[in-house]
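Breakdown of the fold
Chain by chain, the residues run as shown.
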Amino acid sequence: AQSVTQLGSHVSVSEGALVLLRCNYSSSVPPYLFWYVQYPNQGLQLLLKYTSAATLVKGINGFEAEFKKSETSFHLTKPSAHMSDAAEYFCAVSDNTDKLIFGTGTRLQVFP
Amino acid sequence: DTGVSQDPRHKITKRGQNVTFRCDPISEHNRLYWYRQTLGQGPEFLTYFQNEAQLEKSRLLSDRFSAERPKGSFSTLEIQRTEQGDSAMYLCASSFGSGGREQYFGPGTRLTVT
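Heads up: these notes are all about the structure in this document. (Residues numbered from 1 in each chain as written. Chains lettered and ligands numbered in written order. Predicted model: local features only at pLDDT ≥ 70, side-chain atom pairs only at ≥ 80, totals over all residues. Heavy atoms only, no water.)

A complete count under the given rule lists two disulfides over all chains for this structure. In this model A:Cys23 forms its disulfide with A:Cys91; the gap between the sulfur atoms is 1.9 Å. Its torsion about the S-S bond being -60°, the disulfide of A:Cys23 and A:Cys91 is classed as left-handed. Here the residue A:Cys23 occupies a position in the loop between β3 (19-21) and β4 (24-26), and A:Cys91 occupies one in strand β10 (residues 87-94), the gap between them amounting to 68 residues. Take A:Cys91: its relative accessible area is 0%, and that puts it in the buried class. Two residues share a disulfide in this structure: B:Cys23 and B:Cys92, whose sulfurs sit 1.8 Å from each other. Judged by the torsion about the S-S bond (-65°), the B:Cys23/B:Cys92 disulfide is left-handed. Note that B:Cys23 is positioned in strand β3 (residues 19-24) and B:Cys92 in strand β9 (residues 88-95), a separation of 69 residues in sequence. (Disulfide = S-S within 2.5 Å. Helix = DSSP H or I, 4+ residues; strand = E, 2+ residues; numbered from the N terminus. Buried < 20%, exposed > 50% of the residue type's maximum accessible area, 1.4 Å probe, protein only.)

What follows is the structure, encoded as structure tokens:
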């Protein structure tokens, strides 16, 4: 069975600091991996996805993630946090059925 | 392309009542998914359709839940005899094709069962 673990339910950074949100996955088949962002009372918006092409994936709003098979990880990073990045971030995995299995989420706070 | 829409955005109902939610996917998207999200958790898969065919249902989907997509366009999710444990955000998403395609999410319907 597929699963996703997000380490750290809350992450706080200062504006301009590096953002690192951790995601580890478990999958018996080559996975598709996704990062979604959710702002309060809104649906989810895709930040980026990995589908077996390049292992370093660039997404919207300056975010990127690196697929590391040996570590079963897909951590999300952004070099310099902005106040508007404050939101909940979800890592998700899917297989050929395409249903998404989400982690429990990480709430990012950005302080001025 | 107006995005995925869901109606209503909020629903308050009394325990034991039936409720129905609607999802309108992005036009020409052949796949439609329903997820449920409770406070502090990530969304959990409920069911999905390819065109009008319901291809998979989660064990989370008890017999009080039913979903339809009669013409392969909009979908409805009905909950009969609601329970307080059904209180959650119900999210709909759509995509075109398969194999890691992006799912576009609607704003969700927040259900509160009193």
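A few words on the pattern of salt bridges. Residues and elements named next belong to chain B. Counted under the stated rule, the structure contains eight salt bridges over all chains. A salt bridge links Arg22 to Asp24, with the nearest nitrogen and oxygen atoms 2.7 Å apart. With a relative accessible area of 25%, Asp24 lands in the partly exposed category. Taken together, the shared-partner salt bridges in this structure form one network comprising Arg64, Glu83 and Asp86. (Salt bridge = Lys/Arg side-chain N within 4 Å of Asp/Glu carboxyl O.)

Here the amide bond leading from B:Asp7 into B:Pro8 is cis, since omega sits at -5°, within 30 degrees of zero. Positionally, B:Pro8 belongs in the loop between β1 (5-7) and β2 (10-13). Even without glycine at this site, A:Thr72 takes up a positive phi of about 45°. For A:Thr72, the location among the structural elements is in the loop between β8 (64-68) and β9 (73-78). Judged by relative accessible area, which is 32%, A:Thr72 ranks as partly exposed. A positive phi angle is found at B:Glu28, which is not glycine, with a value near 75°. For B:Glu28, a relative accessible area of 73% translates into the label exposed.

One recurring pattern in soluble globular proteins is that nonpolar side chains are buried together. A:Trp35, A:Leu47, A:Leu48, A:Phe74, A:Leu76 and A:Tyr89 are the most contacted members of the largest nonpolar core, which totals 26 residues. At the level of secondary structure, the elements contributing two or more residues to this core comprise β2 (10-14), β3, β5 (32-38), β6 (44-50), β8, β9, β10 and β12 (106-111) of chain A. It is β10(A) that contributes the most residues to this core, four residues altogether. Aside from chain neighbours lying at most four places away, what touches A:Leu47 is A:Trp35, A:Tyr36, A:Val37, A:Gly59, A:Ile60, A:Asn61, A:Phe63, A:Leu76 and A:Tyr89. By size, the runner-up hydrophobic cluster in this structure holds 19 residues, among which are B:Cys23, B:Leu61, B:Ala67 and B:Val113. (Core = buried A, V, L, I, M, F, W, Y, C linked by side-chain atoms within 4.5 Å. Contact = heavy atoms within 4.5 Å.)

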